[in-house]
Amino acid sequence: MAAIKDVAKLAGVSVAAVSTYRKTPDNMREETRQRIAEAIRELNYRPNPFAQSLRTGKTNIIAIAIPEVDNPYFSKMFKLLQAYCEDRGLLAMLLKNSNAEQAKNAASILKSGLVDGVICYDEGQADTFIMELEVSVPVVKVGPITDSDYAATVGIDLRTGIEKLCAHLEQTGVRRLGYIGPDSDVSSRQKIGAIKSYCERSELYLDPKVFLTDCHTYSGGFDCCQQLLDSGVELPDAIIVESDMIALGVLKSLVRRGIDVPENILLSGYDNTDISAMSNPSLTSVNIPLEEICLAALNLLWAMMQGESVSPVTFHTDLEIRTSTMPPK
């Protein structure tokens, strides 16, 4: 296994320069950064977190608190953060925070001294981590933009992507919309709010008869669509689904009934996970810049661990148009 001195030798720099690259690469010249990065890739260098822990008294373990692991969006988020942590000689520990009990269990781990910090996806439980349970390690919140004044926040503007999606659907000739997905969490409420806001100032109409909110999973999307088809309600021109995973369940239900997408109805998802591109037809989806978001979250946490002050960061969502919303000419 390559050591830091091997990287330094190959790059033609000092060991201290390699350490600086891992901690604050922006403070180095571009040419030096490139040489060190190439040496790390060539040697497949990975810092030894346990050796670092003995030297610094830190565990070098970062907790990643997310609501679920089955959802491709959160699975990808954890894998990205895990990779970014490894690049800095840190280990990523997975915690779940989808309900108050899980948040309390996670907080007990955070209080134990086993971790140096936490990146927490905020679905309404992050304030439990920060405010009520007095977690002493640095905490970075990631999630939809809220009115919170917590500084260590990476906010995601979920509305911009929805507005672009609605504009795209309107341009294709869509007038009557349906919605399938939850409405009980911050993310879904913001998405629904953006749809309704766009409809109020456009020719689009969100039909309350095709507004189905009792689903959170792939099977839930399938079941909700089956109920819609069994109800006899006329199908809308397009259905906006709260997530890609739920949208695939809706797509399966439509296909099973002989309803073709996009020939008979347009369909879109959200998150732009890998499955949206691989489905048949490929699924139009709102894109969340997850790589940039995860890197920003770790940069905030790293700065806090060094005793530095931080400010909130915001990312906007965009639209990836695919076959499912491209009606035949």
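Rules of the game
- Here the residue numbering is sequential within each chain, running from 1 through the sequence in written order.
- Local features in a predicted model are, by the rule used here, given only for residues with pLDDT of at least 70; side-chain atom pairs are given and counted only at 80 or more, and totals for whole chains, interfaces and linings are based on all residues.
- Heavy atoms from the whole structure form the basis of all side-chain values; hydrogens and water molecules are not counted.
- Grid points spaced at 1 Å over the protein atoms alone were grouped into cavities, where a 1.4 Å probe fits but cannot get out, and pockets, open sets with protein on both sides within 12 Å along at least five of seven lines, with lining residues defined by an atom within 4 Å of a point.
- Grid points are joined across faces, edges and corners, and a volume is the space filled by probe spheres set on the points.
- For helices the rule is a DSSP run of H or I covering at least 4 residues; for strands it is a run of E covering at least 2, with both sets numbered from the N terminus onward.
- Asp, Glu, Lys and Arg are counted as charged, while Ala, Val, Leu, Ile, Met, Phe, Trp, Tyr, Cys and Pro are counted as nonpolar; the rest, among them Gly, fall into the polar class.
- Here, the term nonpolar core denotes a set of buried Ala, Val, Leu, Ile, Met, Phe, Trp, Tyr and Cys residues that are joined through side-chain atoms within 4.5 Å.
- Only protein chains enter the accessibility calculation, which uses a 1.4 Å probe. A residue is then buried if its area is under 20% of the maximum for its type, exposed if over 50%, and partly exposed in between.
- Residues count as neighbours in contact if any of their non-hydrogen atoms are within 4.5 Å of one another.
- The span you would expect from a helix comes to 1.5 Å times its residue count less one.
- Within 3.5 Å is the distance limit for a polar contact, defined as a pair of N or O atoms, with the added protein rule that one can donate a hydrogen and the other accept it, and that residues adjacent in sequence qualify only through two side-chain atoms.

Draft legend 1. The arrangement of the layout of surface pockets in detail. Of the volumes computed, that of the largest pocket is approximately 730 Å³. Considering the residues around the largest pocket, the lining is formed by 24 residues, among which Y21, R22, P25, R88 and L295 are closest to the centre. For the lining of the largest pocket, the secondary-structure elements that each account for two or more residues are α2 (15-23), α3 (30-43), α5 (72-87) and α13 (290-305). Top element by residues in the lining of the largest pocket is α13. It accounts for 4 residues. The residue makeup of the lining of the largest pocket, split by class, is 10 nonpolar, 5 polar and 9 charged.

Draft legend 2. Representation of the nonpolar core in the model. In this structure, M77, I119, V140, V142, V154, L177 and I195 are the most contacted members of the largest nonpolar core, which totals 53 residues. Of the residues forming this core, the biggest block, 10 residues, is contributed by α13. For I119, the residues in contact, after removing those within four places along its chain, are A63, I64, A65, L81, V140, V142, A297, L298 and L301. One finds C225, I246, L248 and L254 within the second-largest nonpolar core, a separate group that totals 20 residues.

Draft legend 3. Just helix α9 (residues 186-200), in detail. Over its 15 residues, α9 extends 21 Å from the first C-alpha to the last, a length consistent with the 21 Å expected when each residue adds 1.5 Å. For α9, the side-chain oxygen to backbone nitrogen distance between the N-cap and S187 is 3.1 Å, and the N-cap itself is D185.

Interpretation note: all reported values are geometric properties and have no functional meaning in isolation.
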